[in-house]
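Spelled out, the chains give:
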Amino acid sequence: MSSGREQILGGIRRGLGRGALPADRAAACDARMQEPKVNLIPGRAKLPHEAQVQLFIKMATALDASVDRVASLAAVPAAIADYLAQHNLPTDVRMSPDPALDAIPWSERPLLGITRGKAEPQDLVGVTPAFAGIAETGTLMLTSSRNTPATLNFMPDTHIVVLQAKDVVGAYEEGFARLRERSRDANGNFMPRTVNLISGPSRTADIALTLIMGAHGPRQMHIVVVDGEET
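Every value quoted in this text rests on a predicted model; they were computed, and no experiment measured them. (Residues numbered from 1 in each chain as written. Predicted model: local features only at pLDDT ≥ 70, side-chain atom pairs only at ≥ 80, totals over all residues. Heavy atoms only, no water.)

Asks: I tried to follow the overall build of the protein chain on my own but got confused; where do I start?
Replies: When helices and strands are counted, the protein chain shows six helices and 12 strands. Buried positions account for 37% of the 231 residues belonging to the protein chain. By sequence separation, contacts in the protein chain at least 24 residues apart represent 72% of the contacts at least 6 residues apart. About 13,100 Å² of surface is accessible on the protein chain, with carbon and sulfur atoms providing 54% of the total. (Helix = DSSP H or I, 4+ residues; strand = E, 2+ residues; numbered from the N terminus. Buried < 20%, exposed > 50% of the residue type's maximum accessible area, 1.4 Å probe, protein only. Contact = heavy atoms within 4.5 Å. Areas by Shrake-Rupley, 256 points an atom, 1.4 Å probe, with all protein chains shown as cover.)

See below:
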């Protein structure tokens, strides 16, 4: 465990009037973290992969996200350009500097003005990759890093997400298992600074039961699901 993490947890223990965990309990906690038990998985998530992708699209659409499914990464620029044109949105977009988006031939749509980096207040459209899509609820799992700034998930009025079909999983537990597998560092820690689970565009009905879109984030969400070779 890192010294910073131990310092924070030690402060919590002192505040609760507790000492350090006995060695056997600490070992049990470490073992549970290394091999967490799977919770009850809804039956609707236990499907063949193609059916999971279809379920993800159905659930995301029910949450007021729009979804476009394309055959390959080569079709992504046209899909995004068409979406922007259909909704009378600007063609200048702020995009994550994630290498996962480098293989997309953006130059085929030269009218797309792409700037890469964290979101700025003037940005109206943000484009990000997704770490995973959760079929059971149509939820996107987005992780933060230097290459995937979380500001792009919330600041632009329109959020466009590129999700590869191979990254759709059935249940939340599978998404977090994949996160552990791909993100574990030399110290055994796997969590990025933030993990955002986003289901459709931002909305609230807290005030007078009136539905307001874009209250805490984007008013519009568009997901481009990209087929391709399964890995």
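Continuing now.
Asks: Sorry, what's going on with the pattern of salt bridges here?
Replies: Opposite charge on two side chains makes pairing possible when the charged atoms of those side chains draw close. A full pass over the atoms with the stated rule returns seven salt bridges. The shortest N-O distance in the salt bridge between R116 and D102 comes to 2.8 Å. Placement of R116 in strand β3 (residues 113-116) and of D102 in the loop between β2 (92-95) and β3 is noted, with a sequence separation of 14 residues between them. Looking at R116, the relative accessible area reads 34%, which means it is partly exposed. Connected through salt bridges with shared partners, the residues E50, R69 and D227 form a single ionic network. (Salt bridge = Lys/Arg side-chain N within 4 Å of Asp/Glu carboxyl O.)

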